[in-house]
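An overview of the molecular structure
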Amino acid sequence: MTPVTPNRITHLIGHAPWEGTAERTSEVFNPATGEVTGVLDLASKELVDEVVARAAGVAKAWADTPLSRRSQVLFAFRQLLDANKQRIADIITAEHGKVTSDALGEVTRGLEVAEFACGIPHLLKGGFSENVSTKVDAYSIMQPLGVVGVISPFNFPAMVPMWFVPIAVACGNAVVIKPSEKDPSAVIAIAELWREAGLPDGVMNVVNGDKEAVDALLDNPTVKAISFVGSTPIARYVYERGVAAGKRVQALGGAKNHMLVLPDADLELAADAAVNAGFGSAGERCMAISVLVAVDTIADALIAKIAERMATIKTGDGSTACDMGPIVTAQSRDRIVGYVEAGVTEGAELVVDGRGGPFHGGENGFFVGPTLFDKVTPQMSIYTDEIFGPVLSVVRVHSYDEGLALINSSPYGNGTAIFTNDGGAARRFQHEVEVGMVGINVPIPVPVAYYSFGGWKHSLFGDSHAHGVEGVHFFTRTKAVTQRWLDPSHGGLNLGFPQN
Ligand code: NAD
């Protein structure tokens, strides 16, 4: 095979690629082959501050651009993204590793947020109350914040940025986004589509980087809000530092999602769902099912069905006909393998061991196959920690109540699912479970764009969930106006609050 010459990947400052020379760079890999395909410029604090200042210089004009014109840009962007979705999906597969059909699915989910944001004139309608007092009217208006920052994780290089950017832009803000340094190219390709869609120069900017760039965004007083998605420790850090700097922050963190299977569930469908939700995207989804909670009368039968299906999964290069791609980096692969070793040492039963392959990709690709543990207990590290890989743990319980108590005792609360044919049990579960997103016979209950995405507890720091109406509120400030057009009847002195 001919060796790949790595591409330089740089920042996109408004409409133009950055022309400077970076003091620090990092490598971007194709995880299916292990080759370095890109060398990424990492932004310094000074560069981030410069980009923020430039964005601030155009933010007011964009905020004052009529809603009809802003929504035209959104419609044009939506068309361009739709026309380019296969190209973006291929970019995702090349840097993240997920299979192309899954990458296409993530672009489509991002596209849905752009479609939602096309309706921004409707979403920004405030309220109006006539005659709140004699000849006095009250109304509210929603105004953009100015410059906002978005910091995104590696696992959805297109969809997560798209949860925020279309809404922030539609609301009239200027955006500085810092994508994951592991797979930055999808965000850059999407930013180029904003330019083609007619977004004014400087409203959308991509700075690449690591902690230095993140800290610069958090500390810069011109940045009014931060939308962050990543692991729980970094989400907590970003939230605390951003809030201390006086910003509005929504920081979405990690997860440990449980799927509770009751004895009356259709076990064939439950087994399909567990495999799809456990091993899709190699388990590198914040909504992946990583714990299967089986009521013990059906546990043996369910595990046998899951193991049968796992034997058919082809792990390999996501750009070829495989079901599951590689892990994003060699370090992440080694970390996952470390957890499998810990699971064995701690006494869980390793039903399917994915460490040995076969793998249908490059010899140096970062692969781990689907792995299944039974008889996992809540004390084991494979249960307590977010592994973020294709490792499914089965915890056996005696009853619905025991399963519910287990789920509610988790420090995370991102997603969960119940599989049952009992409507009453499902209804109890949706009411009693302490998790932000709940699936009833749906293993990965990612809300559609016009609802909002977000977990509870350590899966979200801050008050606002992503996209939907909560997204519009996050990216705007509300002003309440009280107005009176003076006429002679308003004369006279009255030092109290008006009564009517
Ligand atoms: P990560 O926390 O390592 O990185 C996220 C972002 O933070 C990246 O842009 C990265 O450059 C930056 N970052 C990393 N270390 C930093 C530091 N020390 N200081 C400041 N910034 C830093 O997460 P990841 O590995 O890219 O993504 C996977 C994680 O994201 C998982 O925990 C997953 O559950 C979570 N996630 C959560 C959601 C959600 O909606 N709750 C969605 C997707 C991913």
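The present account deals with the structure reproduced in this document. (Residues numbered from 1 in each chain as written. Predicted model: local features only at pLDDT ≥ 70, side-chain atom pairs only at ≥ 80, totals over all residues. Heavy atoms only, no water.)

**Overview of the side chain of His11**
Within the fold, His11 resides in the loop between strand E1 (7-9) and strand E2 (12-13). A polar atom in the side chain of His11 sits 2.9 Å from the backbone nitrogen of Asn208. Aside from chain neighbours lying at most four places away, what touches His11 is Ala16, Pro17, Trp18, Asp41, Leu42, Ala43, Leu47, Val206, Val207 and Asn208. (Helix = DSSP H or I, 4+ residues; strand = E, 2+ residues; numbered from the N terminus. Polar contact = N/O pair within 3.5 Å; in protein donor to acceptor, adjacent residues only side chain to side chain. Contact = heavy atoms within 4.5 Å.)

**Quick look at the layout of surface pockets**
Estimates place the volume of the largest pocket at around 820 Å³. Lining the largest pocket are 34 residues; nearest its centre among them are Pro153, Lys182, Gly230, Ser231 and Ile234. For the lining of the largest pocket, the secondary structure elements donating two or more residues are helix H8 (211-219), strand E11 (223-229), helix H9 (232-244) and helix H12 (330-345). The biggest single contributor to the lining of the largest pocket is H9, with five residues. (1 Å grid on protein atoms, 1.4 Å probe; cavity = no way out; pocket = protein on both sides within 12 Å on 5 of 7 lines; lining within 4 Å. Points joined across faces, edges and corners; volume = space filled by probe spheres on them.)

**Quick word on empty space enclosed by the protein**
Scanning all chains against the criterion turns up five cavities of 30 Å³ or more. Its volume calculated, the largest cavity comes out at about 100 Å³. Residue lining of the largest cavity: 15 residues in total, with Gly283, Ala288, Ser290, Glu386 and Phe388 positioned closest to the centre. Looking at the lining of the largest cavity, its residues break down into seven nonpolar, five polar and three charged. (Nonpolar A, V, L, I, M, F, W, Y, C, P; charged D, E, K, R; others polar.)

**Notes on helix H1 (residues 45-63)**
Taking 1.5 Å per residue, 19 residues should reach 27 Å; H1 reaches 26 Å between its end C-alpha atoms and fits that length. The largest bend in H1 is about 30 degrees, located at Gly57. (Expected span 1.5 Å × (residues − 1). Bend = angle between axes of the 7 residues up to and from the residue.)

**A few points about the nonpolar core**
One finds Phe77, Leu81, Ile88, Trp163, Val175, Trp194 and Met204 to be the most contacted residues of the largest nonpolar core, which totals 70 residues. Counting contributing residues, this core receives three or more from each of domain 1 (7-253 + 459-480) and domain 2 (257-440). Once you skip the residues sitting within four places of it in the chain, Leu81 turns out to touch Ile88, Val107, Leu111, Met162, Ile190 and Leu193. If you look at the next biggest cluster of nonpolar residues, it comprises 58 residues, including Ala265, Ile289, Tyr383 and Val395. (Core = buried A, V, L, I, M, F, W, Y, C linked by side-chain atoms within 4.5 Å. Buried < 20%, exposed > 50% of the residue type's maximum accessible area, 1.4 Å probe, protein only. Domains from an automatic or database assignment.)

**Considering the site of the ligand**
Around the ligand lies a shell of 28 residues, among which Ser152, Glu181, Ser231, Gly253 and Glu386 are the nearest. Measuring from an oxygen atom of the ligand, one finds a side-chain N or O atom of Glu386 at 2.6 Å. Protein contacts shield 88% of the accessible area of the ligand, which totals 840 Å² for the unbound molecule. Here the ligand occupies the largest pocket. Secondary-structure elements contributing two or more residues to the shell around the ligand are H8, E11 and H9. When grouped by side-chain class, the residues that make up the shell around the ligand number 14 nonpolar, nine polar and five charged. (Near = heavy atom within 4 Å. Areas by Shrake-Rupley, 256 points an atom, 1.4 Å probe, with all protein chains shown as cover. Sits in = over half its atoms within 2 Å of the grid points.)

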